[in-house]
Amino acid sequence: MLYLVRHGKAGSRHDFSGNDRLRPLSSAGRRQADSLATRLVEAGVKHFVSSPYVRCVQTLRPAAKALGAKVETDERLSEGHSFVGVMELMAELSDGTALCSHGDVIPETIGALAHRGCEFLSEPDWRKGSVWVLGRDPNGEIISA
């Protein structure tokens, strides 16, 4: 299984005066990250890969910290990037990996999976802090979400 996570709540883009890559989680987003950490650890996640945006790294950090692991970053998960890079990245990663990305990238990625015949076990939802559990076949193809 892979776990595709949308970053937690980060407050308004318009209220943040700095570089948007540096916009952190809000207090609600930090609570989401803490809650998510428990679920990811219980699910057996051992590897963490994030968009380099601060809010994405912060979303996975509590889970990684609980396991003594690091959050790696990959530009392919960044806002404004194509689902093609995310699909390539997911093919490279082992089961038990959580990936964190953004509200533009995740819907495109889920759409690409649907186009490729992935079975959806629930309605599409990519609210902040949501998680897609992606099942693979023995060849590594994502077949369920």
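Residues numbered from 1 in each chain as written. Predicted model: local features only at pLDDT ≥ 70, side-chain atom pairs only at ≥ 80, totals over all residues. Heavy atoms only, no water.

Moving on, we come to the sheet that holds strand E2 (residues 47-50). Read across the open sheet, the 6 strands follow the order E3-E2-E4-E1-E5-E6; overall the sheet is mixed. Here the strands that pair on one side only, and so sit at the sheet edges, are strand E3 (71-73) and strand E6 (142-144). Each strand of the sheet is rotated relative to its neighbour by a mean of 35°, with strand direction disregarded. Sheet analysis places E2 next to E3, joined by 3 bridges and oriented parallel. Residue pairing in the sheet places Phe 48 in a bridge with Val 71 of E3. Docked against the sheet, helix H1 (residues 27-43) engages strand E1 (2-6), E2, strand E4 (97-101) and strand E5 (131-136), running at close to 170° with respect to E1. (Pairing = 2+ DSSP bridges. Helix = DSSP H or I, 4+ residues; strand = E, 2+ residues; numbered from the N terminus. Axes fitted to C-alpha atoms, helices over the stretch in contact; angles between N-to-C directions. Contact = heavy atoms within 4.5 Å.)

By the element assignment, Ser 101 lies in strand E4. A distance of 2.6 Å separates a polar side-chain atom of Ser 101 from the backbone oxygen of Leu 77. Beyond its immediate chain neighbours, meaning those up to four positions away, Ser 101 contacts Val 5, Arg 6, His 7, Cys 56, Leu 77 and Ile 106. (Polar contact = N/O pair within 3.5 Å; in protein donor to acceptor, adjacent residues only side chain to side chain.)

This paragraph deals with the packing of helix H3 (residues 83-92) against helix H4 (residues 105-115). Relative orientation and spacing of two packed helices are given, respectively, by the angle between their axes and the distance between those axes. Running from amino to carboxyl end, H3 crosses H4 at an angle of 70°, the nearest separation of the two axes being 9 Å. Put simply, H3 runs roughly perpendicular to H4. Our pair here, H3 against H4, has a crossing hand that is right-handed. Contacts from Phe 83, Val 86, Met 87 and Met 90 of H3 reach H4 at Val 105, Glu 108, Thr 109, Ala 112 and Leu 113. Taken together, the residues of the contact of H3 with H4 sort by class into 7 nonpolar, 1 polar and 1 charged. (Parallel < 35°, antiparallel > 145°, perpendicular 65-115°, else oblique. Left-handed = near helix turned anticlockwise from the far one by under 90°. Nonpolar A, V, L, I, M, F, W, Y, C, P; charged D, E, K, R; others polar.)

Relative to the elements of secondary structure, Ser 50 occurs in strand E2. There is a polar contact of 3.5 Å between the side chain of Ser 50 and the backbone oxygen of Cys 56. Separated by 3.2 Å, the side chain of Ser 50 and the backbone nitrogen of Val 57 make a polar contact. Leave out the neighbours within four places in its chain, and Ser 50 touches Cys 56, Val 57, Leu 60, Val 71, Glu 72, Thr 73, Asp 74, Leu 77 and Cys 100.

With the rule as written, the count across this model stands at 6 salt bridges. Across the pair Glu 92 and Arg 76 runs a salt bridge whose closest N-O atoms are separated by 3.0 Å. Of the two residues, Glu 92 is situated in helix H3 and Arg 76 in the loop between E3 and H3; the sequence distance between them amounts to 16 residues. In this structure Glu 92 comes out as exposed when scored by relative accessible area, which is 53%. Arg 127 serves as the salt-bridge partner of Asp 125, at 2.6 Å between the closest nitrogen and oxygen. (Salt bridge = Lys/Arg side-chain N within 4 Å of Asp/Glu carboxyl O. Buried < 20%, exposed > 50% of the residue type's maximum accessible area, 1.4 Å probe, protein only.)

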